[in-house]
Amino acid sequence: MPVFSGWITVDTALELLLRQQPVLWRGQRQQYQKDVIPTGFTTLNHALPGGGWHPGALTELLVKQYGIGEFSLLLPALKSLTAQRKWVALVNPPYIPYAPALENAGLHLDYLLIVDTDNDDEALWSIEQLLRTGTFSAVVGWIKQSKAEKQRRLQLAAETGQCWAVTYRPESEAESHSPAAFRLVLSVQQASLDIDICKSRGGKPRQVALDRSLFDQPQGVQWPCKKN
Amino acid sequence: MINLKGFSGRVKKISLMLWTALYFPQLYIDRLCPGPGPGPGPGNGNGNGTVGPGNSNDSGNSSGNNPPATQANTNCPQKNSLDKTNTDINQHTDVPDQASGQLSGRLSGQLSGDTAEDRSGDLLTEFVTPYSAPLAVVVKTGNQSRVMSANESARHAGIRAGLALNSAYAIVPDLQTVDYDPVVQAQHLEHLCLWALQYSSWVTPRLPDTLLIETEASLHLFGGLENFVKTLRHDAAQQGLTLQLGIAPTPAAASLFANVGEKTGVLTTQRLQPVLGDISIQHLPLNERTLKGLHKSGIKYCRDLFTIPAPALTRRFGQPCRDLVQRLLGDIPEVCTAFSVPDTFSERLDLPLEAPDVQALQFPLNRLMSALGGFLRTHDSGVKSMVVTLHHHKTQNRQTDSQGTQVTIKFLEATADYRHLYRIVTERLQQTTLTQSITAITLATDELETVARDERDLFQKSLNQSASVNQVIDNLSARLGRHKLYSPSSVSDHRPERSWSPDTPVSTDTDKPYPARPLWLLQHPTPSNKRLVIKSSAERIENGWWETLDVRRDYYIAEDQHGVHYWVYSERREPGVFFIHGIFA
């Protein structure tokens, strides 16, 4: 009936308005998280609320050491973002992000910005700037030392810009408080990457194990390589 | 039809022009130490809107003073008076003055509420009035020095314009004085002309302290007179300027209204005579003798003047007096030469006191930037690079004073948004280390380019996404340095060190996909001191013997006891020694 269709439009318009308010927390929030970014790993998708990484939220990845597949974990999501011609920024990566490997993984390098910084403060500042503008769809940063209030700034900036924010921090920070919406502790057990989701907004803490061979193919590694 | 006694044979006139006179009674002192109440400098893009319509890429809510916005200014005093008389063309707007000090309490209360709402910029807390010591501008006439104007704290102590300098010293012993310089005043007015060009294409400076702006043509753009006046006031207050406005169909009447400083404004010629009639002849820009003569004849108000026939006016009080009356009423046209804009922008600003660091430059920079904004708007172009020079020594001859710290700022794309410019420049200047204090700043544009206006559709923020990415990159590189930001790309070269490039792609036809490559590459390969287990067959890379980087290596994938996979190689020259070159992350 035409009379009611008008009301329905108003209702959805109101919904849209409410959804645009990042600071407004609503009880049935979970159902509005439709625009999650699939992780590319089925088991991890099931473990995260909404079935993927959340834009507008800060995700902390706590790692003991680099090289255990911690960055490969993000690659499928980053690949899908750059494929949609959305910008992705890497801030203060610990080593040179190697272009051939990134291309192997299918990233569209034209939409990748890398920011090198001299210290953690500059890295934090850059991440916040990038998040706040809303022109980047994902910002990944590597930070050695941070504090809860600094992380809170990042969380707020991510909400403002509706941007997916990821920070890598040392595993030693796992005990300290953090306002990040998601906290994942990554550790390695022989052939698997153990992901301990110790904080998850709108979800439950749980453990997931990913087979590390999943990470090989994006980097061009084809096991088993024959050893002469 | 208007019936004017004594003026015969006049036909009804419909005004096609509307003039706004901007009278800056304290321009000189305002430039030395900005008055109270101004808001922040250009905000961080979130709080304040754009100065003019439509050129900003700001992602924030530009609700503040965006002129074309159709927001209802329900608490704007002018609006009420307009609404009452909205029925016909004979409107009489009350245009209150913000800083004249002659306001009724009701109006000033409303105004302060009005301004507070606009000033929600992020820099609010950073703003400080630079000089709070009593300061007066002194003009010499003959042997005597008199105070021309004084700043807030001096006025508070009781120093008034027209006071003899000796008496002023008696009141405030530690009064600082600055000599009035007509050249500097002209310079100030020129800056203001550039600034005012963003409101109208026709700006006429009237020395020493008045600007005339043709308003009629701009009204539509700014969304009506109320919005126009509001924008003007807000922008002037941001620069710390005391401003008195007058609006009238003739330039002479507009300046008169502005000078009188009362809440007067007339939109049509018909209303002009009754309103002008109430003004005392003391305010007329006539010489001393004529004024005395008028006074002696018992003429106290302009309405008395209007009753005298024109020939009699000439005979009794001289040609200038008659001309003035006729120009006031619009019977004879007034020559208003439009201010012509120079082709390049290069402005120097002398600081009244030496600034010890870059922080103290915020206010002067803001002023230069707003002049630059007007300049760019008139040229309809954006700036691609600019040079900021910080001068350290005061010299008499300005031409020879070329030493100073020069900071060149380049932009990825031409921009005309002066808030963005200001943000970049302040960020850049904060990175500059200074050895000496600053006495003057020069701002010069190097390259101008036609700027691509950002097109917006009705609902989206901005269609031009990459433009804002460039702005972000500008923003970051202002602090970190341009070389810190890059987009990687792969290059067709087998040597691992050469097969990526930190900037724009050199060659796009690479051998895709590569065999196993690590996500992390080490800047310098490090000798391995770990116990590694080789997990793959060798990949031999031999290339570049003709260059300095001669690669003859066998690459393997190796694993350490923690399960981390490394990309290691051994030189063919010395097999058995392994170097780590990358990490599979």
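Residues numbered from 1 in each chain as written. Chains lettered and ligands numbered in written order. Predicted model: local features only at pLDDT ≥ 70, side-chain atom pairs only at ≥ 80, totals over all residues. Heavy atoms only, no water.

> Which residues make up the overall build of chain B, and what values go with them?
In terms of regular secondary structure, chain B is built from 17 helices and 20 strands. Out of the 585 residues in chain B, the part that is buried amounts to 53%. A separation threshold of at least 6 residues defines the contact pool for chain B, and within that pool the share at least 24 residues apart is 63%. Only carbon and sulfur atoms are counted for the fraction: they give 51% of the accessible area of chain B, which is about 27,100 Å². (Helix = DSSP H or I, 4+ residues; strand = E, 2+ residues; numbered from the N terminus. Buried < 20%, exposed > 50% of the residue type's maximum accessible area, 1.4 Å probe, protein only. Contact = heavy atoms within 4.5 Å. Areas by Shrake-Rupley, 256 points an atom, 1.4 Å probe, with all protein chains shown as cover.)

> Can you explain the environment of Leu376(B)? Please cite residues and give values.
All names here are of chain B. Within the fold, Leu376 resides in helix α15 (residues 362-379). Placed 31 residues apart in sequence, Leu376 and Phe345 show a C-alpha to C-alpha distance of 8.8 Å. Aside from chain neighbours lying at most four places away, what touches Leu376 is Ser381, Gly382, Val383, Thr415, Ala416, Leu421 and Leu448.

> So what's going on with the side chain of Gln326(B)? Which residues, and what values?
Inspection of the secondary structure puts Gln326(B) in helix α14 (residues 319-329). Every residue in contact with Gln326(B), bar those within four places of it in the chain, is listed here: Ala310(B), Asp331(B) and Ile332(B).

> Which residues make up helix α16 (residues 418-430) of chain B, and what values go with them?
Residues and elements named next belong to chain B. Taking 1.5 Å per residue, 13 residues should reach 18 Å; α16 reaches 18 Å between its end C-alpha atoms and fits that length. Across the 13 residues that make up α16, a large majority, 11, are buried. Along α16, the positions that sit buried rather than exposed are Tyr418, Arg419, His420, Leu421, Tyr422, Arg423, Ile424, Val425, Thr426, Glu427 and Leu429. (Expected span 1.5 Å × (residues − 1).)

> Tell me about the sheet that holds strand β11 (residues 438-450) of chain B, and please be specific about residues and values.
All names here are of chain B. The strand order β8-β11-β9-β10 describes an open sheet built from 4 strands, whose pairing is antiparallel. Each edge of the open sheet carries a strand with a single partner, namely β8 (346-355) and β10 (405-415). Here the average twist between neighbouring strands, direction ignored, is 20°. Sheet topology places β8 next to β11; 6 bridges connect them, and they run antiparallel. Bridge assignment links Ala355 to a residue of β11, and that residue is Ile438. Taken strand by strand, α15 contacts β8, β9 (381-391), β10 and β11, and its axis lies near 20° from that of β11. (Pairing = 2+ DSSP bridges. Axes fitted to C-alpha atoms, helices over the stretch in contact; angles between N-to-C directions.)

> Describe the confidence of the model for chain B, listing the residues and the values that go with them.
All names here are of chain B. In the predicted model, chain B carries a mean pLDDT of 69, and the fraction of residues at 70 or more is 72%. Predicted confidence in chain B is weakest over helix α3 (residues 105-118), with a mean pLDDT of 33, and strongest over strand β20 (residues 578-584), with 87. Ignoring residues within four places in sequence, the model shows residues 396-401, a span with pLDDT below 50, making 7 contacts including any to other chains. Overall fold confidence (pTM) sits at 0.54, and the ipTM for the predicted complex is 0.77. (pLDDT = per-residue confidence, 0-100.)

> Hey, could you go over the side chain of Glu571(B) for me, with residue numbers and the actual values?
With respect to the element layout, Glu571(B) can be found in strand β19 (residues 565-571). Once you skip the residues sitting within four places of it in the chain, Glu571(B) turns out to touch Arg552(B), Arg553(B), Val577(B) and Phe579(B).

> Summarise helix α8 (residues 225-238) of chain B; cite the residues concerned and give the values.
Residue and element names in this part refer to chain B. With 14 residues, α8 extends 20 Å between its outermost C-alpha atoms, agreeing within 8% with the 20 Å of an ideal straight helix rising 1.5 Å per residue. With 14 of 14 residues buried, α8 lies mostly within the body of the structure. A positive phi of about 70° marks Gly240, the residue just after α8.

> Summarise the interface of chain B and chain A; cite the residues concerned and give the values.
The partner chain A presents 50 residues to the 49 residues of chain B that form the contact. Taken together, both faces of the contact between chain B and chain A bury some 4,600 Å²; the carbon and sulfur share is 62%. One can count 0 salt bridges joining chain B with chain A. Elements that contribute at least two residues to the side of chain B that touches chain A include exactly α17 (465-480), β12 (485-486), β13 (489-490), β15 (520-527), β19 and β20 of chain B. For the side of chain B that touches chain A, the element with the most residues is α17(B), which contributes 9 residues. (Buried area = accessible area lost by both parts, 1.4 Å probe. Salt bridge = Lys/Arg side-chain N within 4 Å of Asp/Glu carboxyl O.)

> Give a detailed account of the nonpolar core, specifying residues and quantitative values.
By size, the foremost hydrophobic cluster in this structure holds 71 residues, and its most contacted members are Trp53(A), Phe71(A), Leu73(A), Leu74(A), Trp164(A) and Ile195(A). No other element matches strand β18 (residues 551-559) of chain B, which puts 5 residues into this core. Setting aside chain neighbours within four positions, we find Phe71(A) in contact with Leu78(A), Leu90(A), Leu102(A), Trp142(A), Tyr168(A), Leu519(B), Trp520(B) and Ala585(B). Counting residues in hydrophobic clusters, the runner-up holds 59 residues, among them Leu192(B), Ile247(B), Leu390(B) and Tyr422(B). (Core = buried A, V, L, I, M, F, W, Y, C linked by side-chain atoms within 4.5 Å.)

> Describe the pattern of salt bridges, and please don't skip the residues or the numbers.
Pairs can form between side chains of opposite charge once their charged atoms are near each other. All names here are of chain A. Counted according to the given criterion, the structure contains 10 salt bridges over all chains. Where Glu128 meets Arg132, a salt bridge forms, and the shortest distance between an N and an O atom there is 2.8 Å. In this pair, Glu128 and Arg132 both sit in helix α5 (residues 120-133), 4 residues apart, roughly one turn of the helix. Classification of Glu128 by relative accessible area gives buried; the value is 10%. The class for Arg132 is partly exposed, based on a relative accessible area of 34%. When salt bridges that share partners are traced, they join Glu60, Arg169, Glu173 and Arg183 into one network.

> If you had to explain the packing of aromatic side chains to someone new, which residues and values would you point to?
In total, this model carries 17 aromatic pairs over all chains according to the counting rule given. On the numbers, 5.3 Å between centres and 75° between planes, the contact of Trp142(A) with Trp520(B) is edge-to-face. In this pair, Trp142(A) is assigned in strand β5 (residues 136-142) and Trp520(B) in strand β15, connecting two distinct chains. Each member of the pair Trp142(A) and Trp520(B) is classed as buried. Above the plane of the ring of Tyr301(B) lies Arg303(B), whose end atom (NZ or CZ) is 5.0 Å from the centre. It is Arg553(B) that lies over the ring of Tyr569(B); its NZ or CZ is 4.2 Å from the centre. (Phe/Tyr/Trp six-rings, centres within 6.5 Å; stacked < 30°, edge-to-face > 60°. Lys NZ or Arg CZ within 6 Å of the ring centre and 35° of its normal.)

> So what about the sheet that holds strand β3 (residues 144-150) of chain B? Which residues, and what values?
All names here are of chain B. Taken together, the 3 strands give an open sheet; going across it, the order is β3-β2-β4, and neighbouring strands pair in mixed fashion. With one partner strand each, in any of the chains shown, β3 and β4 (176-179) form the two edges of the open sheet. Across the sheet, the mean angle separating the axes of adjacent strands is 40° when strand polarity is ignored. Strand direction decides the pairing type here: strand β2 (residues 135-141) and β4, joined by 4 bridges, are parallel. Counted as the bridge partner of Val137 is Val178 from β4.

> Report on the pairing of strand β7 (residues 244-248) of chain B, specifying residues and quantitative values.
The two faces of a sheet get side chains in turn, since along a regular strand they alternate between them. Residue and element names in this part refer to chain B. Taken across its 5 residues, β7 has 5 buried, putting it largely inside the fold. Side chains of β7 alternate between two faces, with Gln244, Gly246 and Ala248 and Leu245 and Ile247 buried alike. In this structure, strand β1 (residues 19-23) lies alongside β7, joined through 5 bridges in antiparallel fashion. Across the sheet, Trp19 pairs through a bridge with Ala248, a residue of β7.

> Describe the confidence of the model for chain A, and please don't skip the residues or the numbers.
Residues and elements named next belong to chain A. In this model, chain A carries an average pLDDT of 81, and 86% of its residues clear a pLDDT of 70 or more. Taking the mean pLDDT of every element in chain A, the minimum, 61, falls on helix α1 (residues 2-19) and the maximum, 92, on strand β6 (residues 164-170). Every residue in residues 1-8 is under pLDDT 50, and counting partners more than four places away or in other chains gives 0 contacts.

> Pulling in residues and values, what's your account of the environment of Ala414(B)?
For Ala414(B), the location among the structural elements is in strand β10. Along the backbone, Ala414(B) and Gly382(B) are 32 residues apart, and their C-alpha atoms lie at a distance of 4.7 Å.

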